[in-house]
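# Examining the three-dimensional arrangement
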Amino acid sequence: ETGVTQSPTHLIKTRGQQVTLRCSSQSGHNTVSWYQQALGQGPQFIFQYYREEENGRGNFPPRFSGLQFPNYSSELNVNALELDDSALYLCASSFGGQHSYNEQFFGPGTRLTVL
Amino acid sequence: RKEVEQDPGPFNVPEGATVAFNCTYSNSASQSFFWYRQDCRKEPKLLMSVYSSGNEDGRFTAQLNRASQYISLLIRDSKLSDSATYLCVVNEGGGGYALNFGKGTSLLVTP
């Protein structure tokens, strides 16, 4: 069974730039969620994708957007980067329908630094 | 989004000690509950799900009290390798069935 993978592992960008982060879900999982974890904080929910559609969104501005592909992999795009976007971005995969309380399993994360 | 609150610690305990972590959540409609463990600069890893009947996995015991909206984790016979941050996590449903994390409780087990 293949676990959740994310790329890249580290990324450095400057303010105003755009970034795309990628996630491959665990084998057999059909749902992907994205979280942002600032230093010293718990992860904060950005959004979730199920069947290639956004299935819920946290308190993040529209410049955070995403996609899910037919193979259930996913991308997180952030436009107009701000210094506060510096964080660990975590992807989590799970199996379930649109209304699932199932366990979520995390990838190793992408550490984004915005200068 | 409602809050999940934990004592941030740190908890410094000697090897072999028993340590308990507590967590409260504010949304009474919450449906599923978990403890995750996170090592420094790594991803959270699922430690255990928490059920109303309570559940045990080796040295770890989790309890849920829905009436008090309270979750606990007990670690017996602490090992050096238990040193990590323990995250209390609630799935409230709605809005994407997202996980709502506490800030985590830091545990350091010393020789």
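What comes next concerns the included structure.

How each quantity is defined
Residues numbered from 1 in each chain as written. Chains lettered and ligands numbered in written order. Predicted model: local features only at pLDDT ≥ 70, side-chain atom pairs only at ≥ 80, totals over all residues. Heavy atoms only, no water. Contact = heavy atoms within 4.5 Å. Buried area = accessible area lost by both parts, 1.4 Å probe. Salt bridge = Lys/Arg side-chain N within 4 Å of Asp/Glu carboxyl O. Polar contact = N/O pair within 3.5 Å; in protein donor to acceptor, adjacent residues only side chain to side chain. Helix = DSSP H or I, 4+ residues; strand = E, 2+ residues; numbered from the N terminus. Nonpolar A, V, L, I, M, F, W, Y, C, P; charged D, E, K, R; others polar. Core = buried A, V, L, I, M, F, W, Y, C linked by side-chain atoms within 4.5 Å. Buried < 20%, exposed > 50% of the residue type's maximum accessible area, 1.4 Å probe, protein only.

Between chain B and chain A, the contact holds 24 residues from the first and 25 residues from the second. Surface buried jointly by chain B and chain A totals about 1900 Å² across both partners, of which 54% is contributed by carbon and sulfur atoms. Here chain B and chain A share zero salt bridges between them. Across the chain B-chain A interface, the total number found is four residue pairs in polar contact (both at pLDDT 80 or more). Counting residues per element, the ones that place at least two in the side of chain B that touches chain A are β4 (32-38), β5 (44-50), β9 (84-91) and β10 (99-101) of chain B. Of the residues forming the side of chain B that touches chain A, the biggest block, four residues, is contributed by β4(B). Across the side of chain B that touches chain A, the residue classes tally to nine nonpolar, nine polar and six charged.

Moving on: the environment of A98(B). By the element assignment, A98(B) lies in the loop between β9 and β10. Between the C-alpha atoms of A98(B) and V4(B), which are 94 residues apart in sequence, the distance is 13 Å.

Below, the discussion takes up the nonpolar core. F21(B), W35(B), I71(B), L73(B), I75(B), Y86(B) and L107(B) are the most contacted members of the largest nonpolar core, which has 23 residues in total. Elements that contribute at least two residues to this core include exactly β3 (19-25), β4, β5, β7 (60-65), β8 (70-75), β9 and β11 (105-110) of chain B. Once you skip the residues sitting within four places of it in the chain, L107(B) turns out to touch F11(B), V13(B), V19(B), F21(B), I75(B), D82(B), S83(B), A84(B) and Y86(B). Core analysis: the second largest hydrophobic core is formed by 19 residues, V19(A), Y49(A), L81(A) and Y89(A) among them.

Residue P8(A) follows S7(A) across a cis peptide bond; omega there is -10°. Residue position: P8(A) is located in the loop between β1 (5-7) and β2 (10-13). In this structure, P10(B) follows G9(B) across a cis peptide bond, with omega equal to 10°. Topologically, P10(B) is positioned in the loop between β1 (4-6) and β2 (11-14). You will see that Y72(A), though not glycine, has its phi angle at about 75°, which is positive. Judged by relative accessible area, which is 36%, Y72(A) ranks as partly exposed. Its identity is not glycine, yet Q69(B) carries a phi of approximately 55°, on the positive side. Considering the arrangement of structural elements, one finds Q69(B) in the loop between β7 and β8.

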